[in-house]
Amino acid sequence: MAKAKTDTGMDTDGEAGSEAAGAPDVTSTLGYEQARDELIEVVRSLEAGGTTLEESLALWERGEELAKVCRRWLDGARARLDAALAEEEAEEPAED
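Residues numbered from 1 in each chain as written. Predicted model: local features only at pLDDT ≥ 70, side-chain atom pairs only at ≥ 80, totals over all residues. Heavy atoms only, no water.

Undergrad: Describe in detail the overall build of the chain, supporting the description with residues and values.
TA: Each helix and strand counted, the chain has two helices and zero strands in total. A buried classification covers 19% of the 96 residues belonging to the chain. Taking contacts inside the chain between residues at least 6 apart in sequence as the whole, the part at least 24 apart equals 60%. (Helix = DSSP H or I, 4+ residues; strand = E, 2+ residues; numbered from the N terminus. Buried < 20%, exposed > 50% of the residue type's maximum accessible area, 1.4 Å probe, protein only. Contact = heavy atoms within 4.5 Å.)

See below:
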């Protein structure tokens, strides 16, 4: 029986597809907006209900991974901003 993908990237049987089979994790290549948008869809699916326990668990796990991707992007952006601000402060002449 062929499996179909849902909007959240999950197979219809609740499995995460190739990631669950040991293939490389594609979440590491997602941009912030992609991960955020998919996370929104995962949350909507969980809130809507109507899924089996296995599907809900798979959605939850996918949501956790997507949240980590978003957190990494936000942490990286914060570090870049902090570095830019520190560089700017270092370049300002000292006032007497």
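Right, picking up where we left off after that structure.
Undergrad: Any details on helix 2 (residues 53–91)? Residues and values, ideally.
TA: When the terminal C-alpha atoms of helix 2 are compared, their 57 Å separation across 39 residues agrees well with the 57 Å that a helix rising 1.5 Å per residue should span. Inspection of helix 2 places Ala58, Leu59, Arg62, Gly63, Leu66, Val69 and Cys70 among the buried residues, and these make up the whole buried set. Those residues of helix 2 that are buried are in contact with helix 1 (32–48). (Expected span 1.5 Å × (residues − 1).)

Undergrad: Residues and numbers for the confidence of the model for the chain, please.
TA: Summary statistics for the chain give a mean pLDDT of 80 and a share of 69% for residues scoring 70 or more. This model gives residues 1–21 a pLDDT under 50, and the stretch forms 37 contacts once residues within four places in sequence are excluded. (pLDDT = per-residue confidence, 0-100.)

Undergrad: An account of the environment of Ala67 is needed here, citing residue identities and associated values.
TA: As for its placement among the helices and strands, Ala67 is situated in helix 2. Overall, the relative accessible area of 32% leaves Ala67 in the partly exposed class. Considering only alpha carbons, one finds Ala67 and Glu38, 29 residues apart in sequence, at a separation of 9.8 Å.

Undergrad: Quick one: what's the story with the pattern of salt bridges, residue by residue and with numbers?
TA: Under the counting rule described, the total for this entry stands at five salt bridges. The closest approach of N and O atoms between Arg62 and Glu38, which form a salt bridge, is 2.7 Å. You can see Arg62 sitting in helix 2 and its partner Glu38 sitting in helix 1, a full 24 residues away along the chain. According to the relative accessible area criterion, Arg62 is buried, its value standing at 13%. Classification of Glu38 by relative accessible area gives buried; the value is 14%. The shortest N-O distance in the salt bridge between Glu65 and Lys68 comes to 3.6 Å. (Salt bridge = Lys/Arg side-chain N within 4 Å of Asp/Glu carboxyl O.)

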